Every structure is written in C-alpha cells, then in structure tokens.
Amino acid sequence: SFAAFGLVALLFLSAHAYGAHTRCHVWSSGYNLWGDCAVKCPDNPRGLMNFGLQLVEMGRNEVNKNKPVADSLFNEADSIFTKAEKIWDTYVYLAINFGVLREWQGRYDDADVYFKKS
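What comes next concerns the included structure. Quick caveat, the model's predicted, so the values are computed rather than measured.

### A look at the overall build of the protein chain
- When you go through the protein chain residue by residue, the secondary structure sums to six helices and zero strands.
- In terms of overall size, the protein chain is more extended than a compact globule, its C-alpha atoms giving a radius of gyration of 20 Å where 118 residues would be expected to give roughly 13 Å.
- Taking the principal axes of its C-alpha atoms as reference, the protein chain extends roughly 75 × 35 × 15 Å.
- Evaluated residue by residue, the protein chain yields a buried proportion of 29% over its 118 residues.
- For the protein chain, the exposed surface amounts to about 7,800 Å²; the carbon and sulfur share of it is 61%.
- Charged side chains of the protein chain number 12 positive and 13 negative; the gap between the two group centres comes to 4 Å.

### Digging into the nonpolar core
- Membership of the largest hydrophobic core comes to 19 residues, with the highest contact counts inside it found for Leu 55, Val 56, Phe 81, Leu 94 and Leu 101.
- Elements that contribute at least two residues to this core include exactly helix H3 (45–62), helix H4 (67–87) and helix H5 (92–104).
- At seven residues, the largest contribution of residues to this core is made by H4.
- In this structure, Leu 101 is in contact with Val 56, Phe 74, Ala 77, Asp 78 and Phe 81, ignoring residues within four places of it in sequence.

### Things to note about the packing of H3 against H5
- Two elements in contact, H3 and H5, have axes separated by 11 Å at closest approach and are oriented at 20°. The angle between H3 and H5 falls in the class roughly parallel. When you trace H3 past H5, the crossing you get is left-handed. Contacts between H3 and H5 pair Met 49, Leu 53, Val 56 and Arg 60 from the former with Tyr 93, Leu 94, Asn 97, Leu 101 and Trp 104 from the latter.
- Taken together, the residues that form the contact of H3 with H5 break down as seven nonpolar, one polar and one charged.

### What about empty space enclosed by the protein?
- For the coordinates displayed, the defined rule picks out one cavity of 30 Å³ or more.
- Lining the largest cavity, in full, are Glu 85, Trp 88, Asp 89, Tyr 91, Leu 94, Ala 95, Phe 98, Tyr 114 and Lys 117.
- For the lining of the largest cavity, the secondary-structure elements that each account for two or more residues are H5 and helix H6 (108–117).
- Of the residues forming the lining of the largest cavity, the biggest block, three residues, is contributed by H5.

What counts and what doesn't
Residues numbered from 1 in each chain as written. Predicted model: local features only at pLDDT ≥ 70, side-chain atom pairs only at ≥ 80, totals over all residues. Heavy atoms only, no water. Helix = DSSP H or I, 4+ residues; strand = E, 2+ residues; numbered from the N terminus. Rg over C-alpha atoms; globule rule 2.2 N^0.38 Å. Buried < 20%, exposed > 50% of the residue type's maximum accessible area, 1.4 Å probe, protein only. Areas by Shrake-Rupley, 256 points an atom, 1.4 Å probe, with all protein chains shown as cover. Lys, Arg positive; Asp, Glu negative; His and termini not counted. Charge placed at Lys NZ, Arg CZ, Asp CG, Glu CD. Core = buried A, V, L, I, M, F, W, Y, C linked by side-chain atoms within 4.5 Å. Contact = heavy atoms within 4.5 Å. Axes fitted to C-alpha atoms, helices over the stretch in contact; angles between N-to-C directions. Parallel < 35°, antiparallel > 145°, perpendicular 65-115°, else oblique. Left-handed = near helix turned anticlockwise from the far one by under 90°. Nonpolar A, V, L, I, M, F, W, Y, C, P; charged D, E, K, R; others polar. 1 Å grid on protein atoms, 1.4 Å probe; cavity = no way out; pocket = protein on both sides within 12 Å on 5 of 7 lines; lining within 4 Å. Points joined across faces, edges and corners; volume = space filled by probe spheres on them.

Below is the structure:
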C-alpha cells in the first residue's frame, strides 16, 4: 500500500540523513577526522601520527594562553606518537614530527635524537 511505501521511504531517508550528519561531524575538523581514524584503525601509524599532529597544533595554540592545557595536549600527542613508533619505528615523517613535539616540550636533546634519526 501507499502508506507502507511512504513509511519505508521515510525510514530510508532518515537513516541516510543520520549517516550524512555523522559523516559531516567527523569531517568538520582535522581533530575529529584523525581522532575517528585513530579509534577505528588503532594499528595505522599514519593515522595515529596525523591525530598526534592535530594535538600538537592544538597545544601550540594554547602555549601562550594556557600552559597546563598545552602540556596536556603535548603529553597526549607524545603517547599517540609512541604508539605509532611501536608499530613503524622507521617511519621518517613520524621521527620528524616527534622531534618537533620534543622541541615544543622543551626537550631539545631528545628532539635532536629524532631529527638525526629522520
């Protein structure tokens, strides 16, 4: 009947609208996108590195405003980079970004080690 068809069509369109809304949220920022990637693919070192980079960027934006928040973001990025390094320890871009993170943390000797590794 026409009412049953209308109900099925409404459910179909509602499901697609919900899916589109969810995808739009994920793609709304780099943090959401790479965070989603890190959750769904926890063994993907490139995805983990990119999520860590988002955390580093957020920390850099907080350094002059709220140092404890910046330090917290840097520490979270550090743990994400460490996890990625355990998966792919010869990933050059990860070593470079680890060095940059170490500089932002004020750990210059450690940064130098990562830059030389890269």
